[in-house]
Amino acid sequence: MSAAKTIGFIFIDGFADWEYGLLSASAVEWFGARAVSLSPGGSPRKSMSGFHLTPDRSLEVAENADLDAVAVIGSDHWASNSHPDPSPLLKAVAARGGVVGGICAGTLALARSGLFETARHTSNGRDWILRHEPDYAGSAHYEDLPYAVADGRIVSAPGSAPGTFALAFMKALYPEQEGQLAEMKTLFAREFTGAPARAS
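Conventions used here
Residues numbered from 1 in each chain as written. Predicted model: local features only at pLDDT ≥ 70, side-chain atom pairs only at ≥ 80, totals over all residues. Heavy atoms only, no water. Helix = DSSP H or I, 4+ residues; strand = E, 2+ residues; numbered from the N terminus. Rg over C-alpha atoms; globule rule 2.2 N^0.38 Å. Buried < 20%, exposed > 50% of the residue type's maximum accessible area, 1.4 Å probe, protein only. Axes fitted to C-alpha atoms, helices over the stretch in contact; angles between N-to-C directions. Parallel < 35°, antiparallel > 145°, perpendicular 65-115°, else oblique. Contact = heavy atoms within 4.5 Å. Nonpolar A, V, L, I, M, F, W, Y, C, P; charged D, E, K, R; others polar. Pairing = 2+ DSSP bridges. Core = buried A, V, L, I, M, F, W, Y, C linked by side-chain atoms within 4.5 Å.

Student: Please clarify how the overall build of the chain should be interpreted in this entry.
Tutor: Of regular secondary structure, the chain possesses 6 helices and 8 strands. Counting from the amino terminus, helix and strand elements in the chain follow one another as β-α-β-β-β-β-α-β-α-α-β-β-α-α. By the compact-globule yardstick of 16 Å for 200 residues, the chain fits well, its C-alpha radius of gyration being 16 Å. When its C-alpha atoms are laid out on the principal axes, the chain stretches across 45 × 35 × 35 Å. Counting all 200 residues of the chain, 49% fall into the buried class.

Student: Looking at this structure, I do not really get unusual backbone geometry. What am I missing?
Tutor: Negative phi values dominate among residues other than glycine, just as trans dominates among peptide bonds. One non-glycine residue, Cys104, lies in positive phi territory at about 55°. In this fold, Cys104 is placed in the loop between β6 (99–103) and α3 (107–112).

Student: Would you mind showing me how to read the packing of helix α5 (residues 162–173) against helix α6 (residues 178–193) here?
Tutor: Packing of α5 against α6 brings their axes to within 10 Å, and their N-to-C directions diverge by 180°. When the axes of α5 and α6 are compared, the pair comes out roughly antiparallel. Facing α5, whose interface residues are Gly163, Ala166, Leu167, Met170 and Lys171, α6 presents Leu181, Met184, Lys185 and Phe188. Its residues placed into classes, the contact of α5 with α6 shows 6 nonpolar, 1 polar and 2 charged.

Student: Just checking my understanding: could you explain the pairing of strand β5 (residues 69–72) for this structure?
Tutor: One face of the sheet, then the other: side chains in a regular strand alternate in exactly this way. Residue alternation in β5 divides its side chains into two sets, Ala69 and Ala71 and Val70 and Val72, and both sets are buried. As judged from the 4 bridges shared by strand β1 (residues 6–10) and β5, these two strands associate in the parallel manner. For Phe9, the partnering residue across the bridge sits in β5 and is Ala71. Of the pairings in the sheet, the one linking β5 to β6 comprises 4 bridges and is parallel in character. Bridge assignment links Val72 to a residue of β6, and that residue is Gly102.

Student: Is there a simple way to explain the sheet that holds β6 in this structure?
Tutor: In a beta sheet, neighbouring strands are held together by backbone hydrogen bonds and run either parallel or antiparallel to one another. Taken in spatial order, the 6 strands make up an open sheet running β2-β1-β5-β6-β8-β7, and their pairing is mixed. Each of the sheet's edge strands pairs with one partner strand only, and the pair in question is β2 (34–38) and β7 (149–151). Strand-to-strand twist across the sheet, computed as the mean angle between neighbouring axes with direction ignored, equals 15°. Examined bridge by bridge, β7 and strand β8 (residues 154–157) share 3 bridges and lie antiparallel to one another. Looking at the pairing, Ala150 lines up with Val155 of β8. Against the sheet, α5 touches β1, β5, β6, β7 and β8, its axis set at about 175° to β6.

Student: Would you mind going over the environment of Gly14 with me for this structure?
Tutor: Along the chain, the position of Gly14 falls in the loop between β1 and α1 (21–31). For Gly14, a relative accessible area of 17% puts it in the buried group. Here the alpha-carbon distance between Gly14 and Phe31, two residues 17 residues apart in the chain, equals 28 Å. With near-sequence residues (within four places) excluded, Gly14 lies in contact with Lys46, Ser47, Met48, Gly74, Ser75, Asp76 and His77.

Student: In this structure, what is going on with α1? I would like to understand it.
Tutor: Side chains of residues three or four places apart in an α-helix project in the same direction, reflecting 3.6 residues per turn. Among the residues of α1, those classed as buried are Leu23, Ser24, Ser26, Ala27 and Phe31. Elements in contact with the buried residues of α1: β1, β5, α5 and α6. Gly32 occupies a position one or two residues after α1 and carries a positive phi of about 70°.

Student: Looking at this structure, I do not really get the nonpolar core. What am I missing?
Tutor: Where a protein is soluble and globular, its nonpolar side chains tend to be buried together. In terms of nonpolar packing, the biggest core is built from 31 residues, with Ile7, Leu23, Phe165, Phe169 and Met170 touching the most fellow members. Listed by contribution, the elements that provide at least two residues to this core are β1, α1, β5, β6, β8, α5 and α6. For this core, the leading source of residues is α5, giving 8 residues. Core analysis: the second largest hydrophobic core is formed by 26 residues, Val100, Ala105, Phe116 and Ile129 among them.

Spelled out as structure tokens, the structure:
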């Protein structure tokens, strides 16, 4: 994989506006990554708040051979009967050692792809994920937590945890950047603790 890492963000209609900003902006601004937007067919999408997105690419595996990581952003449509299937892309990124993450209902895409089979993970609640995917492989590894869970290069989070999702995702992608990751964590935590920002 290249030194300048590329992260794909998967968006479908109704995507949650608050779930990707901390991750995408942190990746580009602080880590020098490149963020690209993806959608089924590469067609425009509308967010939960009504904002319009014109994606860079489709979900085709061949079109995304350069991805070092991929994040599935939540939308209520992931829980519908007409949800798209990004499994080929998610599996391809995982197979080459890339980071694959899902937040909120985006975790359903990882469950359907079999990526939770051996990985500890979380979502919007144990009952919630089992209601939508009652037989998914790896359900025994579910952890009912209010923050992101990373197991190797598989990252998951409830929709209420975009901060820890961003941090866990970046830690999985840049494990060697301990100082930058600590600074990122401290900065995010200031909103809740009021503590002065420190690198450690």
